[in-house]
Amino acid sequence: MVSREIAIDPVFANVLAGRGTDREDTAKPTGAASMQAAETRFLELGYHATRVSEVARDAHVSIGSIYVHYESKEGLYGAVVARALDIEERYVDAALLSEELNDLEKLITLGEAYVQFFRDFPGHFRLLMMPSEPIPEEATGSEVARRVAARGDRQRKLLAEVIARCIDQGLVQEGIDAPRAANFWWATWNGVIGLSLRSDDLAIDEDEMERVMIAGRMMLAEGFASAAVRDGDGRLLPEFRERLERLDPPSVSSPG
């Protein structure tokens, strides 16, 4: 049961009456159909321009069934955010939790996995990291918002653990603060990707984004790398440098 009043938009009556819907599609599971339609509208139009009635029309379901499943527009938006989180986690975990990669390779691959998430799901990336409009408190103060924060905290901690292990293994210089380095890492890649999303003279295209990524991680490696991955003259080992100059994202299974 809905715990507060719901503002009904102008085409509510038409949707309730079933006008413009395909009766043959009504057997489609309400949740899945509504999610697909809502995801398309929220990603293309944003939160405020999306109407629940139009989601219902696109999904060929009644508007009432959407409110039964999600209670409100904010709840529907929250479900879309939750799905974006699940997709993003696939890419991050493919690097950080891989049983095939050593810890140093995880540090390198994580950036590639994160950028690949952006390339494969740019709308979901923007929804999570760079929303284009303020979202009502009902959505941002919800359980989903807490889940977003918890997921980000988990990923920062996982990365900090990988950095700490690299320090213990003598691959990263002692004295590096692993949690702060992890925070800097996330801020760096979000910033680089953010430049490709700009629409002004500061914008960069994807080719330049790739070049900036490589240049950035070369600089990070120069500052982080211990003597174990340097030659006698203090230069990064050729095989390490070659790996840094090549983008090689992990394989990620498609979301269901």
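None of the values given here were measured: they were computed from a predicted structure.

Engineer: Help me understand the nonpolar core, please; the structure alone is not making it clear to me.
Structural biologist: Nonpolar side chains tend to gather and get buried jointly when the protein is soluble and globular. Of all hydrophobic cores here, the largest spans 68 residues; its most connected members are Ile66, Leu107, Leu110, Tyr114, Leu159, Ile163 and Phe240. No other element matches helix H5 (residues 73-96), which puts 12 residues into this core. Residues within four places of Leu110 in sequence aside, it is in contact with Val92, Ala95, Leu96, Leu159, Trp185 and Trp186.

Engineer: Would you explain the side chain of Arg243 in this entry?
Structural biologist: Among the structural elements, Arg243 can be located in helix H12 (residues 238-244). A relative accessible area of 7% places Arg243 in the buried class. Of the polar contacts made by the side chain of Arg243, one reaches the side chain of Glu112; its length is 2.9 Å. In terms of polar contacts, Arg243 uses its side chain to reach the backbone carbonyl oxygen of Arg246, at 2.7 Å. Residues contacting Arg243, with those up to four places away along its chain left out, are Glu105, Ile108, Thr109, Glu112, Arg217 and Asp248.

Engineer: Please clarify how the packing of helix H6 (residues 103-120) against helix H10 (residues 178-197) should be interpreted in this entry.
Structural biologist: A pair of packed helices is characterised by two quantities: the angle between their axes and the separation of those axes. In the contact formed by H6 and H10, the axes pass within 11 Å of each other and the chain directions differ by 35°. Helix-helix and strand crossings are classified by hand; for H6 and H10 the assignment is right-handed. Here Leu107, Leu110, Gly111, Tyr114, Val115 and Phe118 of H6 lie close against H10, whose contacting residues are Trp185, Trp186, Trp189, Asn190, Ile193, Ser196 and Leu197. When its residues are assigned to classes, the contact of H6 with H10 shows 10 nonpolar, 3 polar and no charged.

Engineer: Would you explain the pattern of salt bridges in this entry?
Structural biologist: Any two side chains of opposite charge can pair, given that their charged atoms come close. Counted by the stated rule, this structure contains 23 salt bridges. Note that Asp153 and Lys157 form a salt bridge whose closest N and O atoms lie 3.1 Å from each other. In this pair, Asp153 and Lys157 both sit in helix H9 (residues 143-168), 4 residues apart, roughly one turn of the helix. Exposure remark for Asp153: the relative accessible area of 29% places this residue in the partly exposed category. Where Arg180 meets Asp177, a salt bridge forms, and the shortest distance between an N and an O atom there is 3.9 Å. Residue classification places Asp177 among the partly exposed residues on the basis of a relative accessible area of 36%. Residues joined in a network through salt bridges with shared partners are Asp86, Glu89, Asp93, Arg151 and Arg154.

Engineer: Please clarify how the packing of helix H4 (residues 63-70) against H5 should be interpreted in this entry.
Structural biologist: Two elements in contact, H4 and H5, have axes separated by 8 Å at closest approach and are oriented at 65°. Here H5 runs roughly perpendicular to H4, going by the angle between their axes. Judged by the sense of rotation from one axis to the other, the crossing of H4 with H5 is left-handed. Contact residues: Ile66, Tyr67 and Tyr70 in H4; Lys73, Gly75, Leu76 and Ala79 in H5. Each residue belonging to the contact of H4 with H5 can be placed in one class, and the counts come to 5 nonpolar, 1 polar and 1 charged.

Engineer: Whenever I open this one, the packing of aromatic side chains confuses me. Can you help?
Structural biologist: For the coordinates displayed, the defined rule picks out 13 aromatic pairs. A centroid spacing of 6.0 Å and a plane angle of 10° characterise the contact between Phe42 and Tyr47, whose relative ring orientation is stacked. The burial state of Phe42 is the same as that of Tyr47; both residues are buried. For the ring pair Phe42 and Tyr77, a centre distance of 5.2 Å and an interplane angle of 85° mean the geometry is edge-to-face. Of the two residues, Phe42 sits in helix H2 (residues 30-45) while Tyr77 sits in helix H5, which places them 35 residues apart along the sequence. Residue Phe42 shares its accessibility class with Tyr77, and that shared class is buried. Site record: aromatic cluster; members linked through ring pairs are Tyr91, Tyr114, Phe117, Phe118, Phe121, Phe125, Trp185, Trp186 and Trp189. A cation over a ring is seen here: Lys73 above Tyr47, with NZ or CZ 4.5 Å from the ring centre.

Rules and cut-offs
- Residues numbered from 1 in each chain as written.
- Predicted model: local features only at pLDDT ≥ 70, side-chain atom pairs only at ≥ 80, totals over all residues.
- Heavy atoms only, no water.
- Core = buried A, V, L, I, M, F, W, Y, C linked by side-chain atoms within 4.5 Å.
- Buried < 20%, exposed > 50% of the residue type's maximum accessible area, 1.4 Å probe, protein only.
- Helix = DSSP H or I, 4+ residues; strand = E, 2+ residues; numbered from the N terminus.
- Contact = heavy atoms within 4.5 Å.
- Polar contact = N/O pair within 3.5 Å; in protein donor to acceptor, adjacent residues only side chain to side chain.
- Axes fitted to C-alpha atoms, helices over the stretch in contact; angles between N-to-C directions.
- Left-handed = near helix turned anticlockwise from the far one by under 90°.
- Nonpolar A, V, L, I, M, F, W, Y, C, P; charged D, E, K, R; others polar.
- Salt bridge = Lys/Arg side-chain N within 4 Å of Asp/Glu carboxyl O.
- Parallel < 35°, antiparallel > 145°, perpendicular 65-115°, else oblique.
- Phe/Tyr/Trp six-rings, centres within 6.5 Å; stacked < 30°, edge-to-face > 60°.
- Lys NZ or Arg CZ within 6 Å of the ring centre and 35° of its normal.

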